[in-house]
Structure formats: structure tokens, C-alpha cells
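Residues per chain are reported as follows:
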Amino acid sequence: MRKLKIVGLGVGIPEKILTNSDFEKMVDTSDEWITERTGIKERHIVEEKTATSDLIIIATKEALKQANLKASELDTIIVGTSTPDTPFPSTACWVQKGLGISGQAAFDVSAGCSGFLYALEIASYLITCGSSKKVLVAGAEILSKITNYQDRSTCVLFGDGAGVCVLVPTNEERGIVSSNWGADGNLAELLYLPAGGSRIPATCDSVEKKLHTLHMAGNEVFKNAVREMENATLTALQDAHLTVEDIDLFISHQANIRIIEATRKRAMIPPEKNYMTIQKYGNISAASIPVSLHQAYHEGRIKDGAKILLAAFGAGFTWAAMILKW
Ligand code: ACO
């Protein structure tokens, strides 16, 4: 086990809500279609001036309060995001600026919806090798700013939000029991943001063609997500020498209720152990797992010593699974 303790959790959720009926006025869709095909009822959307780091800073203040730590005591900041404030510097550096601190190692991890688990994986090794002692790990996205609100097949899916945790080393029997991660870049174009990087820089033409918005082959993403999350989940159980009976809670990336349900059934996880927040937030990519963890914790669903199975899949394609002993 990679021993560590989560001493603080926090979220940054924008106030503004877009409901399914709001989308009925924007594109040719219905509450019935969105609910049935995705499980989403509403999603939170930022105001125009808000950036990803702003949401992380709100979440971090909450987590630090719970951890009884000052921001200056953090020694490492890792942000999982696909919607950084700026291509550079990293969102983690903007978080430092917003918190009024300096000196920490600060960097982003780009792994789509698997970003939080990738960041947690890295943090766990930094902690157990003794390099870091107080680590802020964030999963945060502002997907509304890369969404094409004329494309009904994607615009109804995404929302904005941030979730963070503060990790410290411990001698107690808790931490990461097992984990695995992977990627297949050959399938990158099934879910990507074509423009705004070095391949297609920002031009009037690229903006005109909406190449700065998310492009997705929904069906292909769906099939790959179910397959890879099932594999990653079963591998995490096998590596930990555990079965689903030993697991107290299953929290997977919240992209689509049908993906979550298909993964849960294939891994034979009982429905009462499956924790979902997709109804309220839609797909908030790297933020979906830490936001769900925060909610489950505050609802009393995560007791001391609980074993939590986490699984994610996202752009890349990337995937990861982890068993966390609380
Ligand atoms: N309202 C009404 N009809 C719609 C809508 C909508 N919002 N969107 C699509 N449709 C229509 C389509 O046009 C199509 O119509 P047609 O049969 O006349 O051509 C029909 O519904 C079926 O379309 P499908 O794409 O086959 O629908 P599907 O059941 O696959 O659901 C969805 C689409 C929800 C996108 C699903 O494929 C999905 O969830 N995919 C995975 C998404 C995901 O997990 N993304 C990964 C993370 S994102 C990230 O990493 C940043």
C-alpha cells in the first residue's frame, strides 16, 4: 500500500445552472432524450470571466480549512485539467498566484477525464518516496468555454466545476491499495479539441470553423469507455487481492449514466455501492471524481477505513483505476 491520508476535500461549483429545458430552447432536443440517453438533468456553468484556477482556489480554501493548513504549507500543486486558464503557464501556477503563495512545485496533468486519477497517482508516488509532504491535487474544468452550443450531440453533456484534495504522508494503514493507468493515443481523434495548439493555431478561419470546440465521436467513445473502465477496474481489484464484496463505494468518471451502469454491471458491482452525481453536474471531466468524493464524504458515505474503487476514462484515450483505503 502507498500510505497517505486525505486530510481535506473541497469543491468549486459555479452558481449558474443550465437545465435540460434550457437546452430545449437552444437546440433540437428534449428533457426526455437527455435524461434517458445520458442521465443528466442539469449542469453548472461559469460566468464569462471565470477561469479554471478561480474554481480551484475556492475548492482549495475549503480543503485547507478542513485540513487545518495554511496555503503556504503546501509543497506541491498538481492540477488535472484539459481546460487550463492559459496554454502556459500551467493552471497550477495560476492557482499559486491566486492563493498568494510561491515556491511549491506546480504543474498540470493533461489526461482528459482521467486527469484527477493521473494526478493522484503521481502525487502518491511523490509522497511515498518522501519528495512531497503536503500535496494539493485538483481535477477542474471549464468545459462550457470549449463547447459548441449549436451541436446538440455534445452541448447537452458538459458542465463546469472543480474538486480538490490535500494529501499528506501517514504511518496508518490507509492510502492507495492498488492502481493502474494507461492510454491509447492512436484513438486521439475520436475525442479532441482540434485547434488552439501547434497543429492548428488560432486563426479567424479556425474559429469560424468552430475548431476550438470539443469534437467527439460519441458512440466510439462510449464503447471504449465501457471496455477500458471495466478492464482497469478488474485489474485494480485483482492487484489488491480484493473482490467487489470488499469494496464500500464505487465512484467512476461521470460521463453518461449508461456508461457508468454498463461498467458497474460488467464488474458485478451492486447498484447500492455505485455513487453517481451525473444528474446534477453533467460531465465535468477531470472534476467529476473529486466532486463526487466530496459529496459522498459529506453525505456520510465514506467512513474511516472505507475502501473506495475509483475508475476513469477520457480523451487520449486515457484510463485509470484505483482502490483507495480512507
Ligand atoms: N437530443 C436529441 N437527439 C439527439 C441529441 C440530443 N441532444 N444528440 C444526438 N441526438 C440524436 C442523433 O442525432 C441521432 O439521431 P439520428 O438517429 O437521426 O441520426 C440519435 O440521437 C442517436 O445518436 P447517437 O449518437 O447514436 O446517440 P447515443 O445513444 O450514442 O448517445 C451520447 C449519444 C450521449 C453522446 C453517447 O454516445 C455518449 O455518452 N458517448 C460518450 C460520451 C463521453 O463519455 N465522453 C467522454 C468524456 S468527454 C472528455 O473527455 C472531455
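These figures come from a predicted structure and were not determined experimentally. (Residues numbered from 1 in each chain as written. Predicted model: local features only at pLDDT ≥ 70, side-chain atom pairs only at ≥ 80, totals over all residues. Heavy atoms only, no water.)

Caption draft 1: Representation of the overall build of the protein in the model. From N to C terminus, the protein includes 11 helices and 14 strands. Against the globule reference of 20 Å for 326 residues, the protein gives a C-alpha radius of gyration of 19 Å, in line with a compact fold. Projected onto its principal axes, the C-alpha coordinates of the protein cover approximately 55 × 45 × 35 Å. Classification of the 326 residues of the protein by burial places 54% in the buried group. Restricting to contacts in the protein with at least 6 residues of sequence separation, those with at least 24 account for 76%. Both charge centroids of the protein, one from 33 positive and one from 37 negative side chains, sit 3 Å from each other. (Helix = DSSP H or I, 4+ residues; strand = E, 2+ residues; numbered from the N terminus. Rg over C-alpha atoms; globule rule 2.2 N^0.38 Å. Buried < 20%, exposed > 50% of the residue type's maximum accessible area, 1.4 Å probe, protein only. Contact = heavy atoms within 4.5 Å. Lys, Arg positive; Asp, Glu negative; His and termini not counted. Charge placed at Lys NZ, Arg CZ, Asp CG, Glu CD.)

Caption draft 2: A look at the domain arrangement of the protein. The assigned domain composition of the protein is domain 1 (2-171) and domain 2 (176-325). Distance from the C-alpha centre of domain 1 to the C-alpha centre of domain 2: 14 Å. Interface area, domain 1 with domain 2, both sides summed: about 3900 Å², of which 65% is carbon and sulfur. Where domain 1 packs against domain 2, one counts 0 salt bridges. Seen at the junction of domain 1 and domain 2, the total is 20 residue pairs in polar contact (both at pLDDT 80 or more). Looking at the side of domain 1 that touches domain 2, the elements that each hand over two or more residues are β2 (5-12), α2 (31-38), β4 (42-44), α3 (52-67), α5 (115-128), β7 (135-142), α6 (152-155) and β8 (160-168). (Domains from an automatic or database assignment. Buried area = accessible area lost by both parts, 1.4 Å probe. Salt bridge = Lys/Arg side-chain N within 4 Å of Asp/Glu carboxyl O. Polar contact = N/O pair within 3.5 Å; in protein donor to acceptor, adjacent residues only side chain to side chain.)

Caption draft 3: Region of interest: the site of the ligand. The environment of the ligand is made up of 25 residues, and the closest members are T29, R37, C113, N219 and N256. Between a nitrogen atom of the ligand and a side-chain N or O atom of W33, the distance comes to 3.5 Å. Between the ligand and R37, the relevant distance is 2.6 Å, taken from an oxygen atom to a side-chain nitrogen or oxygen of the residue. Looking at the shell around the ligand, the element that brings in the most residues is helix α8 (residues 218-239), giving 4 residues. Classifying every residue of the shell around the ligand by side-chain character gives 12 nonpolar, 9 polar and 4 charged. (Near = heavy atom within 4 Å. Nonpolar A, V, L, I, M, F, W, Y, C, P; charged D, E, K, R; others polar.)

Caption draft 4: Focus on the packing of aromatic side chains. Across all of its chains, the model carries 4 aromatic pairs by this definition. The ring of Y125 has R2 sitting right over it, with the charged end atom 4.1 Å from the ring centre. (Phe/Tyr/Trp six-rings, centres within 6.5 Å; stacked < 30°, edge-to-face > 60°. Lys NZ or Arg CZ within 6 Å of the ring centre and 35° of its normal.)

Caption draft 5: Focus on the sheet that holds strand β1 (residues 2-3). An order of β1-β9-β14-β13-β12 is seen for the 5 strands of this open sheet, with the pairing classed as mixed. Each edge of the open sheet carries a strand with a single partner, namely β1 and β12 (249-252). Pairing of strand β9 (residues 175-183) with strand β14 (residues 318-325) involves 8 bridges; the strand directions are antiparallel. Following the sheet pairing, A183 is matched in β14 by T318. (Pairing = 2+ DSSP bridges.)

Caption draft 6: Quick look at unusual backbone geometry. In this chain, F88 is followed by P89 through a cis amide linkage whose omega measures -5°. Assignment of secondary structure puts P89 in the loop between β5 (76-80) and α4 (91-99). Here G316 and F317 are connected by a cis peptide whose omega angle stands at -10°. For F317, the position within the fold is in the loop between β13 (307-314) and β14. With phi around 55°, H241 is a residue other than glycine that occupies positive phi space. Residue position: H241 is located in the loop between α8 and β12. Despite not being glycine, M268 has its phi angle at roughly 60°, a positive value.

Caption draft 7: Quick peek at the nonpolar core. Counting 39 residues, the largest nonpolar core has L237, L309, F313 and I323 as the members making the most contacts within it. Looking at this core, the elements that each hand over two or more residues are α8, α9 (257-266), β13 and β14. Looking at this core element by element, the count peaks at 7 residues for α8. Each of domain 1 (2-171) and domain 2 (176-325) gives at least three residues to this core. Counting residues in hydrophobic clusters, the runner-up holds 33 residues, among them L9, I176, Y275 and I302. (Core = buried A, V, L, I, M, F, W, Y, C linked by side-chain atoms within 4.5 Å.)

Caption draft 8: Looking closely at the side chain of Q96. Its location among the elements puts Q96 in helix α4. The class of Q96 is buried, set by a relative accessible area of 10%. With residues near it in sequence (within four places) discarded, Q96 still touches I77, I101, S102, G103, Q104 and A106.

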